[in-house]
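# Observations on the model geometry
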Amino acid sequence: AKEYLELLDPLYLRYYYAAKLSGSIDDIDYNLDDFVFRVNADIVNKFVNIGSRLGSILKKSLDLRISIPDDKGQAIIDSALAQADTIAQYYEDLETHKAMRDIMAIADDANKYINDAAPWDVVKTDADAARAICATGLNVLKILSIYLQPVLPDLCQQVWSFLNVETQTWSDLSHSMANHQVNVYEHLAKRVDIERVQSLISVPV
């Protein structure tokens, strides 16, 4: 554990365990390749990626201000909120792997929405429309951070700092950010390198 902390953030291991654990007493494997894949694919490329992509646009072109989601964006937000009871029950049942699965499915939907909406192109001709796209993405990011807080409390606190909101709880899920000023995005999580992880279990010859 001491060597791990010298090389990697504990949030990565917390997420990996959550993505593998269930309410049963079955053992789980710590597979290095799977560990690296899950951290990079889920935390970095899905969850944090939402803030990274939109934070850049907001700083560069939109004075860090979002507006109100349009109808299509609100549907994405409503879909994310609709998963609350199911995810809460997974936590109650200690089925954290199912909770992580559903949470990352929401992140997938949000990233697809952002890709399709392409605010980096829209902002060139319609700043208001770009603000609405960013409003959708960041409201989903806030919802995701509430869902992930039991597993990644420190990272979620950093997300809320970026979003310029107080510490969030489950009761804040429906509190939407509208016409809201966010803070400058700062790097939240970096990709894990397989060689760095492998050095943890290397055996001296």
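With that settled, the discussion passes to the overall build of the protein chain. Helix and strand counts for the protein chain stand at 10 helices and zero strands. In the protein chain, the succession of α and β elements from N to C terminus is α-α-α-α-α-α-α-α-α-α. If one aligns the C-alpha atoms of the protein chain with their principal axes, the spans along those axes are about 60 × 35 × 30 Å. For the protein chain, with 205 residues in total, the buried portion stands at 47%. The long-range share in the protein chain, meaning contacts at least 24 apart out of those at least 6 apart in sequence, stands at 71%. When the accessible surface of the protein chain is split by element, carbon and sulfur atoms take 49% of a total near 10,800 Å². Taking the 19 positively charged and 30 negatively charged side chains of the protein chain as two groups, their mean positions are separated by 6 Å.

This next bit is on the pattern of salt bridges. Applying the stated criterion to the full structure yields seven salt bridges. A salt bridge links K46 to D42; the shortest N-O distance between them is 3.4 Å. Taken together, the positions of K46 and D42, both in helix 3 (residues 32–61) and four residues apart, correspond to about one turn of that helix. The pair formed by K46 and D42 is uniform in burial state, with each residue classed as buried. A salt bridge links R101 to D102, with the nearest nitrogen and oxygen atoms 3.0 Å apart. According to the relative accessible area criterion, D102 is buried, its value standing at 14%. Within the structure, one salt-bridge network assembled from shared partners comprises K20, D34 and R38.

Relative to the helices and strands, Q83 is located in the loop between helix 4 (71–81) and helix 5 (84–92). The class for Q83 is partly exposed, based on a relative accessible area of 26%. With 16 residues separating them in the primary sequence, Q83 and A99 have C-alpha atoms 9.7 Å apart. If near-sequence neighbours (up to four positions away) are discounted, Q83 is found in contact with D102, I106 and Y147.

Here we take up the environment of V159. By the element assignment, V159 lies in helix 9 (residues 153–163). On the basis of relative accessibility, which here comes to 1%, the residue V159 falls in the buried class. Sequence separation between V159 and D102 is 57 residues, and the spatial gap between their C-alpha atoms is 20 Å. Ignoring sequence-local partners within four residues, the contact set of V159 consists of F47, L141, S145 and L188.

Residues Y12, F35, I43, F47, M100, L138 and L152 are the most contacted members of the largest nonpolar core, which totals 70 residues. Elements supplying a minimum of two residues to this core: helix 2 (10–20), helix 3, helix 4, helix 5, helix 6 (96–117), helix 8 (127–148) and helix 9. Apart from the residues lying within four places of it in its own chain, the contact partners of Y12 are Y4, F35, V39, I43, A189, K190 and V192.

This brings us to the side chain of Q168. In this fold, Q168 is placed in the loop between helix 9 and helix 10 (194–198). Residue classification places Q168 among the buried positions, given a relative accessible area of 6%. Among the polar contacts made by the side chain of Q168, one reaches the side chain of K142 at a distance of 3.0 Å. Among the polar contacts listed, one links the side chain of Q168 to the backbone oxygen of E166, at a separation of 2.8 Å. When sequence neighbours within four positions are dropped, the list of residues in contact with Q168 reads K142, I146, Q149 and W160.

The rules behind each value
Residues numbered from 1 in each chain as written. Predicted model: local features only at pLDDT ≥ 70, side-chain atom pairs only at ≥ 80, totals over all residues. Heavy atoms only, no water. Helix = DSSP H or I, 4+ residues; strand = E, 2+ residues; numbered from the N terminus. Buried < 20%, exposed > 50% of the residue type's maximum accessible area, 1.4 Å probe, protein only. Contact = heavy atoms within 4.5 Å. Areas by Shrake-Rupley, 256 points an atom, 1.4 Å probe, with all protein chains shown as cover. Lys, Arg positive; Asp, Glu negative; His and termini not counted. Charge placed at Lys NZ, Arg CZ, Asp CG, Glu CD. Salt bridge = Lys/Arg side-chain N within 4 Å of Asp/Glu carboxyl O. Core = buried A, V, L, I, M, F, W, Y, C linked by side-chain atoms within 4.5 Å. Polar contact = N/O pair within 3.5 Å; in protein donor to acceptor, adjacent residues only side chain to side chain.

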